[in-house]
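# Per-entry structural report
One-letter residues, chain by chain:
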Amino acid sequence: MKFIPQTLKDVFVIEPAIYGDHRGYFMETYKKELFNHHIGPVEFIQDNESKSTYGVFRGLHYQKGEYAQAKLVRVLQGKVLDVIVDLRIASPTFGQSIAVELSDENHRQLFVPRGFAHGFIVLSEQAVFSYKVDNIYQPSAECCIRFDDPFLNLDLQVANTDLKLSEKDRAGLFFKDAPKF
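Reading the values: the criteria
Residues numbered from 1 in each chain as written. Predicted model: local features only at pLDDT ≥ 70, side-chain atom pairs only at ≥ 80, totals over all residues. Heavy atoms only, no water. Helix = DSSP H or I, 4+ residues; strand = E, 2+ residues; numbered from the N terminus. Rg over C-alpha atoms; globule rule 2.2 N^0.38 Å. Buried < 20%, exposed > 50% of the residue type's maximum accessible area, 1.4 Å probe, protein only. Contact = heavy atoms within 4.5 Å. Areas by Shrake-Rupley, 256 points an atom, 1.4 Å probe, with all protein chains shown as cover. Lys, Arg positive; Asp, Glu negative; His and termini not counted. Charge placed at Lys NZ, Arg CZ, Asp CG, Glu CD. Pairing = 2+ DSSP bridges. Axes fitted to C-alpha atoms, helices over the stretch in contact; angles between N-to-C directions. Salt bridge = Lys/Arg side-chain N within 4 Å of Asp/Glu carboxyl O.

## Description of the overall build of the protein chain
- Scanning the protein chain for helices and strands turns up two helices and 13 strands.
- Relative to the 2.2 N^0.38 estimate, which gives 16 Å for 181 residues, the radius of gyration of the protein chain is 16 Å and therefore close to what a compact globule would have.
- Overall size of the protein chain, expressed as C-alpha extent along the three principal axes, is 50 × 35 × 30 Å.
- Within the protein chain, the proportion of its 181 residues that are buried is 48%.
- Long-range contacts, defined as pairs at least 24 residues apart, comprise 79% of the intrachain contacts of the protein chain with a sequence gap of at least 6.
- In the structure as shown, the protein chain presents an accessible area of about 9400 Å², 49% of it carried by carbon and sulfur atoms.
- Considering the protein chain, the positive charge centre built from 21 side chains and the negative charge centre built from 24 side chains are found 2 Å apart.

Here it is in structure tokens:
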């Protein structure tokens, strides 16, 4: 497994070693000792999965305070553009974002530390998205930042007319008004 540091502090793209032959392939998607070595201790407590169609944008979500979550995200089927925003006021990359393409072809994963808003948009006909979290879901701690906030200036690679959003995501806060860490 390769842990590739990103421009945002404490964020890594993880590329697994893939062993393939005429039968298919094998890869390790998580190995605690490697995570401890490259990232530090992270105790994942739950795995989640979602299925979405082209143009669905889920995000930019996070939980504040004691319910903040670190995530390890990947795509099992299809292709997404995964977007994260650093909300840690003391971070040298505060307010910055990155977008990483994750797919069933590149097998990449993205480690999202606590203190980041996270979202993804589906670029394929459909996508199955999987992620680990290190803290429980607490609805009262949930926050959402608008995908179309001019401050973030995100390029989601999908026309606005093709976007599919939940009411919760449409009602997200602007970055300047969102709780920070």
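That covers the picture; the talk isn't over yet.
## Overview of unusual backbone geometry
- Here the residue pair Gly59 and Leu60 is connected by a cis peptide bond, since its omega of -5° sits within 30 degrees of zero.
- Of note, Leu60 is situated in strand β6 (residues 57–63).
- A positive phi angle is found at Asp10, which is not glycine, with a value near 75°.
- With respect to the secondary-structure elements, Asp10 resides in the loop between β1 (2–5) and β2 (12–15).
- Take Asp10: its relative accessible area is 35%, and that puts it in the partly exposed class.

## Here's the deal with the sheet that holds strand β8 (residues 79–86)
- Across the sheet, five strands lie side by side as β9-β8-β11-β6-β13; this open sheet has antiparallel pairing. Every other strand in the sheet has two partners, leaving β9 (97–103) and β13 (142–144) as the edge strands with one partner each. With direction set aside, neighbouring strand axes in the sheet form an average angle of 25°.
- Where β6 lies against β13, three bridges are found, and the strand directions are antiparallel. What sits directly across from His61, in β13, is Cys144.

## Describing the pairing of β8
- A large share of β8 lies buried, amounting to seven of its eight residues.
- Bridge count for β8 against β9 is seven bridges, and the pairing is antiparallel. Bridging from a neighbouring strand, Val85 pairs with Ser97 of β9.
- Of the pairings in the sheet, the one linking β8 to strand β11 (residues 116–122) comprises seven bridges and is antiparallel in character. Residue Val80 lies in a different strand from β11, and its bridge partner there is Val122.

## A closer look at the pattern of salt bridges
- Here the structure, examined in full by the defined rule, presents 13 salt bridges.
- In this structure, Lys2 engages Glu15 in a salt bridge whose closest nitrogen and oxygen atoms are separated by 3.9 Å. With Lys2 in strand β1 and Glu15 in strand β2, the pair connects residues that are 13 residues apart, well separated along the chain.
- Across the pair Asp10 and Lys9 runs a salt bridge whose closest N-O atoms are separated by 3.6 Å.
- Residues joined in a network through salt bridges with shared partners are Lys9, Asp10, Asp86 and Arg88.

So yeah, pure geometry; function would need other evidence.
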